[in-house]
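Close look at the chain arrangement
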There are 2 protein chains.
Amino acid sequence: MAEDHEVVVFGVWGSAYSRRVETALKLKGVPYKYIEEDLSKKSPSLLKYNPIHKKIPVLVHNGKHIVESLVILEYIEETWQEGYPLIMPKDPYQRALARFWAKFIDDKCFPAIRKACWGEEAQEREKAGEEAAELLKLLEKELQEKRFFGGENIGMVDIAANVIGFSLGAYEEASGVKLMTREKFPKLCNWRDEFMSNSAAIKENIGPSREELISFLRNYFLKK
Amino acid sequence: MAEDHEVVVFGVWGSAYSRRVETALKLKGVPYKYIEEDLSKKSPSLLKYNPIHKKIPVLVHNGKHIVESLVILEYIEETWQEGYPLIMPKDPYQRALARFWAKFIDDKCFPAIRKACWGEEAQEREKAGEEAAELLKLLEKELQEKRFFGGENIGMVDIAANVIGFSLGAYEEASGVKLMTREKFPKLCNWRDEFMSNSAAIKENIGPSREELISFLRNYFLKK
């Protein structure tokens, strides 16, 4: 049984949220078993492990289940700490900033991006597009001259920002809405290049192919 | 200048989010200066310290500013740790559960409660009321036989649940919508009694009076 493995991830390969969990485990070098869920027919295990939200990703560690991708990232950081690469700073203030930006990405950026690409009405999409541009500007500014949001290494904010690094380009292509140009967001675009190509933890973790991701997203959002 | 104090909280007395920060500081025994904000005329300091969301609460500690109440709670926990009462468990899994429930309260319960009490249309309020009841059931179940969500002592989830402990009764009275009866939610009601009366950190922190809170909420929500 899958649950006999020490670390199991229930995910959907096209979901940035699932990728976060896998990226963190790969960065730490923690082996895990990955189970692909079919969102149109959720498995009894997923429903058992996440009875409240019934969503991926779920991390199961020695039988204990943890849900919500940012909560899982903190769990991974705290569980595999000594002797493992860290994804969060040590200083409480820097940690607070990391949590702030990760939350900002989830609460503000991602909903605006989704609406800009997949909103029902043209006017709604346009308004969300403007909002998304303002939010991306804040991320562009936050990057400053840093290589990653986490500094020299990929940290929690980078992993959370995979909704931009991993998903945004495919969102744009699948929906036909362009949000992030190199001209307007040079730092974010450079960051995306670095993020997507630099680390084996990301590269090995991109999934089947870009075409398949685009097709996955079209199916997912147009069905809704 | 207020900013010369080591710890400053910018808040609004009727806001459960502000209360969270004050409750945590009081539980820890950390002295602070409190600055009441006027949301209709936000101070230059608030806009300087929270330029992105422009919201209370803001915690300023030795000139560093932290925003978002749950992020602030984690900062307070990490900054005043050794020799201070803890508001989070030590075990990573228990910490993940605390973060899960705190997020659940903010992302699910509070929006449903607000909509049930202050939604624009009767049908919207009714639907939100049913949703809120389902969500409160989950909290009722999570309490089990514990005195607090945190066990024998008030922890992060209790502090986050002050939107129920501190606000819900006043919400109900101000809006005329009843969501939490003792008959349906005996454990949550007992928890609220304990939470609101047991600890000086909460009692001293309730604000002017219930009548004033109700009046504050009516003004706040009916103006929107």
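Rules of the game
Residues numbered from 1 in each chain as written. Chains lettered and ligands numbered in written order. Predicted model: local features only at pLDDT ≥ 70, side-chain atom pairs only at ≥ 80, totals over all residues. Heavy atoms only, no water. Pairing = 2+ DSSP bridges. Helix = DSSP H or I, 4+ residues; strand = E, 2+ residues; numbered from the N terminus. Axes fitted to C-alpha atoms, helices over the stretch in contact; angles between N-to-C directions. Contact = heavy atoms within 4.5 Å. Least-squares fit on C-alpha atoms with pLDDT ≥ 70 in both. Expected span 1.5 Å × (residues − 1). Buried < 20%, exposed > 50% of the residue type's maximum accessible area, 1.4 Å probe, protein only. Arc of directions from axis to C-beta. Polar contact = N/O pair within 3.5 Å; in protein donor to acceptor, adjacent residues only side chain to side chain. Bend = angle between axes of the 7 residues up to and from the residue.

Further remarks concern the sheet that holds strand β1 (residues 7-11) of chain A. Residue and element names in this part refer to chain A. Across the sheet, which stays open at both edges, the four strands sit in the order β2-β1-β3-β4 with mixed pairing between neighbours. A single partner strand is all that each edge strand has here, and the edge strands are β2 (33-36) and β4 (64-67). Taken over all neighbouring pairs, the strand axes of this sheet differ in orientation by 20° on average, direction set aside. Alignment of β1 against β2, held across four bridges, turns out to be parallel. In the sheet register, Phe10 faces β2, and the bridge partner there is Ile35. Strands β1, β2 and β3 (58-61) of the sheet are contacted by helix α1 (residues 16-28), whose axis makes an angle of about 155° with β1. Set on the sheet, helix α3 (residues 69-79) makes contact with β3 and β4; between it and β4 the angle comes to about 130°.

As paired elements, strand β3 (residues 58-61) of chain B and strand β4 (residues 64-67) of chain B share four bridges and run antiparallel to each other. Residue pairing for β4(B): B:Val58 is matched across the bridge by B:Val67.

On to the relation of the copies chain A and chain B. Between chain A and chain B, the superposition needs a rotation of 180° and an axial shift of 0.0 Å, giving an RMSD of 0.0 Å. Look at the turn and shift together and you get a two-fold axis relating the two. Looking at the rotation axis and the C-alpha trace of chain A, the residue lying nearest is A:Asp107, at 4.8 Å. The share of interface residues of chain A whose copies in chain B are also at the interface is 100%, consistent with both copies meeting through the same surface.

The subject of this paragraph is helix α8 (residues 186-198) of chain B. All names here are of chain B. In this model, α8 (13 residues) spans 17 Å end to end at C-alpha, consistent with the 18 Å of a helix rising 1.5 Å per residue. Three or more residues of α8 are buried, namely Leu188, Cys189, Trp191, Arg192, Phe195 and Met196. In an axial view of α8, the angular spread of the buried residues amounts to 160°, which keeps them on one side of the axis.

What follows deals with the side chain of B:Glu77. Residue and element names in this part refer to chain B. Tracing the backbone shows Glu77 in helix α3 (residues 69-79). Engagement of the side chain of Glu77 in a polar contact is seen with the side chain of Lys28, the distance being 2.6 Å. Setting aside residues no more than four positions away along its own chain, Glu77 makes contact with Lys28, Pro85, Leu86, Ile87 and Met88.

The end-to-end C-alpha distance of helix α4 (residues 92-118) of chain A is 37 Å, a good match for the 39 Å that 27 residues give at a rise of 1.5 Å each. In the structure, α4(A) departs most strongly from a straight axis at A:Ile105, where the bend amounts to approximately 35°.

No statement about biological role is implied by the geometric values presented.
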